[in-house]
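# Structural features, examined
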Amino acid sequence: MEEQIESYLATDFEKKLFLASIAYLDNTDDPLRINSFAYSLRELIRNVFERRAPEEKVNSCSWFKKETDNGKPSRKQRYIYCVQGGLSHKFVSDELGMDVLEPWKEIKETIDSLSKFTHVNETTFDITDDECQSLSDEALSILLSIFNMIEDTRNELHSELASHIDSELMSTFISNSMPDIDILSHQSYVEHSEVTDYELTDIDDLEVKFKGEGIAHVSQNYGKGDDACEINEEYAFEFTGASSVAKPYALSIPPESISIDVSSWFGEE
């Protein structure tokens, strides 16, 4: 579980803070080990939330409502943004089949429990090994569940967007001239394309962003009349695109965001 959590941490600071938190648990002679662990792990969760859910981006989401006296995002709202960005609750529930809020009660209870142990008194000082093991296991499990929820939501969206990306790519190929293949013949066009891989690169307050690669099946036409000749070739291509969080399926993959590698035609492989 510890290795799984570490794999989700993005910065050196987060990784060092996490390892330092775990190290406290190994010091069984320290009566403050659970207190030190609780404080540092709670701070790790706070740092992850703040990095992945900046205040200004959370505040600009359509689902954001003021929940705190100072107007800053609540911990719950930062968690929601980490998982779904600016996507609406209805889209995430109806289209992705995800209940983002269902785990929140347990997450909140665990964070509150960690907070309790940051205050040292007779009930939180020098707790038993079994109590320490139970609390630390629960806290680490909850932290991993947060990362898993983020990944599960993106996996579901990844699956739902796949067919839309295929359609939008073909629409772009059909509706636009592509400079990369225009140089190959007097008339070159993509007959069809296949996306071989793509990934979601970001879900923020405004857009769902993605990039990928595929194979373009290109028809290259030469000559006229009896001298007409068609050559069919396959070329790898890369692309980037985006959609609005308000309309995630209305994708935009403009021609300038597609790069077709035709180096094989010129013997440059």
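Within each chain, residue numbers correspond to sequence positions counted from 1 in written order. Note on the predicted model: pLDDT of at least 70 is required for a residue's local features to be given, and 80 or more for side-chain atom pairs to be given and counted; whole-chain, interface and lining totals, by contrast, use all residues. In computing side-chain values, all of the structure's heavy atoms are included and hydrogens and water are not.

### Overview of the UniProt feature "domain: Predicted pPIWI-associating nuclease group" (unreviewed entry) in the chain
- The residues that UniProt annotates with the feature "domain: Predicted pPIWI-associating nuclease group" (unreviewed entry) are residues 150-266.
- End C-alpha to end C-alpha, residues 150-266 measures 44 Å, and it is 26% helix and 50% strand. UniProt positions are given in the numbering used here, feature names are shortened, and annotations may be inferred rather than shown by experiment. Under the DSSP-based scheme used, a helix requires at least four consecutive residues in state H or I and a strand at least two consecutive residues in state E, with every element numbered from the N terminus.

### Regarding the pairing of strand β4 (residues 247-252)
- By the convention used here, strands pair only if DSSP detects at least 2 bridges between them. Where strand β3 (residues 229-244) and β4 come together, three bridges link them in antiparallel fashion. Directly across from Ser-243, in β4, lies its bridge partner Leu-251.
- From the end of β3 to the start of β4, which pair antiparallel, there are two residues.

### Side note on the environment of Tyr-189
- Along the chain, Tyr-189 falls in strand β1 (residues 187-203).
- Sequence spacing of Tyr-189 and Ile-174 is 15 residues, and the spatial spacing of their C-alpha atoms is 7.7 Å.
- By the convention used here, residues are in contact when the closest approach between their heavy atoms is within 4.5 Å. Tyr-189 has contacts with Ile-181, His-217, Val-218, Ser-219, Asn-221 and Glu-230, leaving out every residue within four places of it along the chain.

### Overview of helix α2 (residues 12-26)
- Each residue after the first adds 1.5 Å to the expected span of a helix. Compared with the 21 Å implied by 1.5 Å per residue over 15 residues, the 21 Å span of α2 between its first and last C-alpha is a close match.
- Working definition: with a 1.4 Å probe on protein chains only, accessible area under 20% of the residue-type maximum means buried, over 50% means exposed, and in between means partly exposed. Listed in full, the buried residues belonging to α2 are Glu-14, Leu-17, Phe-18, Ser-21, Ile-22 and Leu-25. Along the axis of α2, the buried positions cluster into a sector of 130 degrees, meaning they face one direction only. Seen from the open side of α2, the exposed residues pointing more than 90 degrees away from its buried face are Asp-12, Lys-16 and Asp-26.
- Buried residues in α2 make contact with α1 (2-8), α3 (33-52) and α8 (129-175). Directions pointing from the helix axis toward each C-beta atom define the arc.

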